[in-house]
Each structure stands twice: as C-alpha cells, then as structure tokens.
There are 2 protein chains.
Amino acid sequence: MATTETSAEPLSIGEVAERTGLSVHALRFYEREGLLVGPVQRTSGGRRRYTASDVDWLLICVKLRESGMPLADLKRFAELVRHGPGNEAERLRLLDAHRQRVDARIQALEECRSVIAWKVGVYADHLARGEADGLWDPTA
Amino acid sequence: MATTETSAEPLSIGEVAERTGLSVHALRFYEREGLLVGPVQRTSGGRRRYTASDVDWLLICVKLRESGMPLADLKRFAELVRHGPGNEAERLRLLDAHRQRVDARIQALEECRSVIAWKVGVYADHLARGEADGLWDPTA
DNA sequence: CTACGATCTAGAGCGAGGTCTAGATCAAGT
DNA sequence: ACTTGATCTAGACCTCGCTCTAGATCGTAG
C-alpha cells in the first residue's frame, strides 16, 4: 500500500494528476501561471516533486475552479497565501465573495432546471397521450 | 404602454435584445448558426422583425444556455423543432439528458460550496480569535 | 433635405482555459 | 548498453461563444 497512501512521500506530476484530476499539462500550466503557493521542488534531474500540501492546495484549486472561480482570482488568492500571514481578511473577502457567486449560480441553475423540467413535462405528456397537438411548435 | 407590452407586434432586433438579455450581435450570430427555429421575417428594407414566438424560443434558448447547454445541442434541438412533429421523443431525450446534467452540476456546485464555506469558516474563526496560527498555510 | 441612430453583411478578433507538439532528458528494467 | 515510458521546456494551437469592425443602408425626426 505504498502507491495509494497519503504519505509524506513526494509525488511525481503524473501521480498528482491522478489524485487531482488535473492533466499533467494543466499542472505545468497552473505552475507557470503562478497559481501555486510555492515553487514545486525538483529532483536532481529536474523532475517535479509535489508535497502533500502542494496536493492539498491543488485540491482546493480544483474545487474553486469547478465552482467557476476565474484563474485570475485563484492567482490572487495564491499570492495572498504566498505572501504569508497578515492578509487573512482579504483572503476571507475573496473566498466569501466567491461563495456568494456560487450561491447565486446554484439559484440560477435551479430556476433553469424548473423551466427545463416543465418543458420535459410538456413533451412527456404529449408522448403519453400520443397527440400531435397541444405543443408549442412554430412549424405545426 | 405600446413599447413594453407583450403584443403581436413584431419587434426589432434591439427590442428583442432588451427582452432576452442577448446582445444584438449574439442574436445575429444565433441566427447564422441555425439556432432559431425558423427564419426571422424581414421588413422591405431588410431589417429583422421578430414575432412573439421567436422571442419565446429565444427565452428558452437563454435558459438552456444559462444552464450550460452547448450551442451544438441547442442547434440540434432547433433542428428537431424546425423539422416538425414526429420527433418529440428525441426532443424529450435531449431535454431530459440536459436536465440530468443540470442536476449533476447543481450537486457538484453544492459540494464545492460546502468546501468553500468550510474554508471561509476557517478564516473567519482565525480572524475572530486574532491568531496567526492554526491556519493551513505553507508559508507560515 | 439633412441628420442621426439603428440595422445590415461579411468576416476578423478576442479571452478563457487549457491542450498539444517537438525535441531533449531522465530513470528504471533487462 | 538498450529500450521504454515519464518528464522536461518553450511555445504554438485549439475550442467555445461570442464581440467587434468596416462600410453601407434604412428610417425617422426636424
């Protein structure tokens, strides 16, 4: 069980890709873009070695991205963390603003869902009754 | 109250833009891409005249897009409707598949939100206690 | 008639967020 | 030593979904 454990052993980029769901390309891209808190360590041969906290950070990044945070905001957040203690209020503001956007997005999606569900119902009814009328259809 | 009513009067592209939230550019683009059910009528001078059902369709489009349906799927849906009665089962499948994707997306967002809310809580606690420790922070 | 804003077409351009390529190097197995 | 697969860098390229431009025309108010 040495390959799947959550140990202190540094991981290769491929292993981190597996664990985070990001592609190795994306991992290098994120690093170039300054989205990581610290520089990733390297082996003598130049290969990246990710620590557990690198992976933790990436997992947070994945959630923030998945919820629609732009890379620019993620970068800003990374910069704040990189800069160290003293800016927690700003980090909080950034995260909380994002949380609000996520809430709004969820609400918007729920509204869309109800419109779509209604339309699905219209078609389902129509098919159940085997009729060609009663549907809104400009070509009918 | 002639300018804001929901009448049978055809509307100019600018009026439709106002009512749907799409830009006039986007409206022309959608038309070019075949996302509309029928061809938009024109005045003798060549200007577009949208009917109420054009607007209804566009409002559906807006909801589908807002909920993440790709233009390609929207185009497919438009083609089905344009083709007329007889393919309602496929329309239903398309819409229902989308509804499921929306549900999945909402769930994913809710998970993200809880991760983010937890992180917000961590920072809020930290600030409330005025401490510099207890935070996960690789640079500390 | 003259202005002026809205609209027209065709097509170029853009921003986000990666993805992919080429060619070299590293590391491990045999 | 040789082969194989993972990784390296720099930078080109891609998809999506519009957005914008240029230059012409329409249509309405004065």
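Our subject is the structure that appears above.
Read on for a plain summary of the structure.

Basis of the calculations
- Residues numbered from 1 in each chain as written.
- Chains lettered and ligands numbered in written order.
- Predicted model: local features only at pLDDT ≥ 70, side-chain atom pairs only at ≥ 80, totals over all residues.
- Heavy atoms only, no water.
- Helix = DSSP H or I, 4+ residues; strand = E, 2+ residues; numbered from the N terminus.
- Buried < 20%, exposed > 50% of the residue type's maximum accessible area, 1.4 Å probe, protein only.
- Contact = heavy atoms within 4.5 Å.
- Areas by Shrake-Rupley, 256 points an atom, 1.4 Å probe, with all protein chains shown as cover.
- Buried area = accessible area lost by both parts, 1.4 Å probe.
- Salt bridge = Lys/Arg side-chain N within 4 Å of Asp/Glu carboxyl O.
- Polar contact = N/O pair within 3.5 Å; in protein donor to acceptor, adjacent residues only side chain to side chain.
- Nonpolar A, V, L, I, M, F, W, Y, C, P; charged D, E, K, R; others polar.
- Near = heavy atom within 4 Å.
- Axes fitted to C-alpha atoms, helices over the stretch in contact; angles between N-to-C directions.
- Parallel < 35°, antiparallel > 145°, perpendicular 65-115°, else oblique.
- Left-handed = near helix turned anticlockwise from the far one by under 90°.

### Examining the overall build of chain A
If you tally the helices and strands in chain A, you get five helices and two strands. Listed N to C, the secondary structure of chain A is α-α-β-β-α-α-α in terms of helices and strands. The buried share among the 140 residues of chain A stands at 36%. For chain A, contacts bridging at least 24 residues in sequence account for 45% of all contacts bridging at least 6. Looking at chain A as shown, the accessible area adds up to about 7,800 Å², and 52% of this sits on carbon and sulfur atoms.

### Looking at the interface of chain A and chain B
Counting residues at the interface gives 46 residues for chain A, matched by 46 residues for chain B. For the pair chain A and chain B, the two sides together bury roughly 4,200 Å², of which 76% comes from carbon and sulfur. Its salt-bridge partner being Asp103(A), residue Arg113(B) comes within 3.2 Å of it at the nearest N-O pair. For the interface between chain A and chain B, the tally reads six residue pairs in polar contact (both at pLDDT 80 or more). Residue assignment for the side of chain A that touches chain B shows that the elements contributing at least two residues are helix H3 (52-66), helix H4 (71-83) and helix H5 (88-129) of chain A. Considering every element that reaches the side of chain A that touches chain B, the biggest residue donor is H5(A), with 27 residues. Looking at the side of chain A that touches chain B residue by residue, the classes come out as 25 nonpolar, six polar and 15 charged.

### A few points about the protein's contact with DNA strand C
Around DNA strand C, the surrounding shell holds 19 residues, and the nearest of these are Arg65(A), Ser12(B), Arg28(B), Arg47(B) and Arg48(B). Of what DNA strand C places within 4 Å of the protein, 67% of the atoms are sugar or phosphate. At 3.0 Å, a side-chain N or O of Arg42(B) approaches a phosphate oxygen of DNA strand C. Within the backbone of Arg48(B), an N or O atom sits 2.8 Å from a phosphate oxygen of DNA strand C. Taken together, the elements giving at least two residues each to the surface near DNA strand C come down to helix H2 (24-32) of chain A together with helix H1 (13-20) and helix H2 (24-32) of chain B. With three residues, H2(A) is the largest single contributor of residues to the surface near DNA strand C. Split into classes, the residues belonging to the surface near DNA strand C amount to five nonpolar, seven polar and seven charged.

### A short note on the packing of H5(A) against helix H3 (residues 52-66) of chain B
It is the contact of H5(A) with H3(B), at a shortest axis distance of 9 Å, that shows an interaxial angle of 130°. When the axis of H5(A) is compared with that of H3(B), the two are oblique. Along this stretch, H5(A) crosses H3(B), giving a crossing that reads as left-handed. Taken together, the residues of H3(B) that come into contact with H5(A) (itself represented by Arg105(A), Ala108(A), Leu109(A), Glu111(A), Cys112(A), Val115(A), Ile116(A) and Lys119(A)) are Ile60(B), Lys63(B), Leu64(B) and Glu66(B).

### Here we look at the environment of His98(A)
Within the secondary structure, His98(A) is located in helix H5. Sequence-wise, His98(A) and Gly68(A) are 30 residues apart; in three dimensions their C-alpha atoms are separated by 8.6 Å. Beyond its immediate sequence surroundings of up to four residues, His98(A) is in contact with Leu64(A), Ser67(A), Gly68(A), Met69(A) and Ile116(B).

### Considerations on the protein's contact with DNA strand D
Not every one of the 19 residues close to DNA strand D is listed here, only the nearest: Ser12(A), Arg28(A), Arg47(A), Arg48(A) and Arg65(B). Of what DNA strand D places within 4 Å of the protein, 66% of the atoms are sugar or phosphate. At a separation of 3.1 Å, a base oxygen of DNA strand D approaches a polar side-chain atom of Arg47(B). Between DNA strand D and Arg65(B) there is a distance of 2.8 Å, counted from a phosphate oxygen to a side-chain nitrogen or oxygen. Partitioned by chemical class, the residues of the surface near DNA strand D number five nonpolar, seven polar and seven charged.

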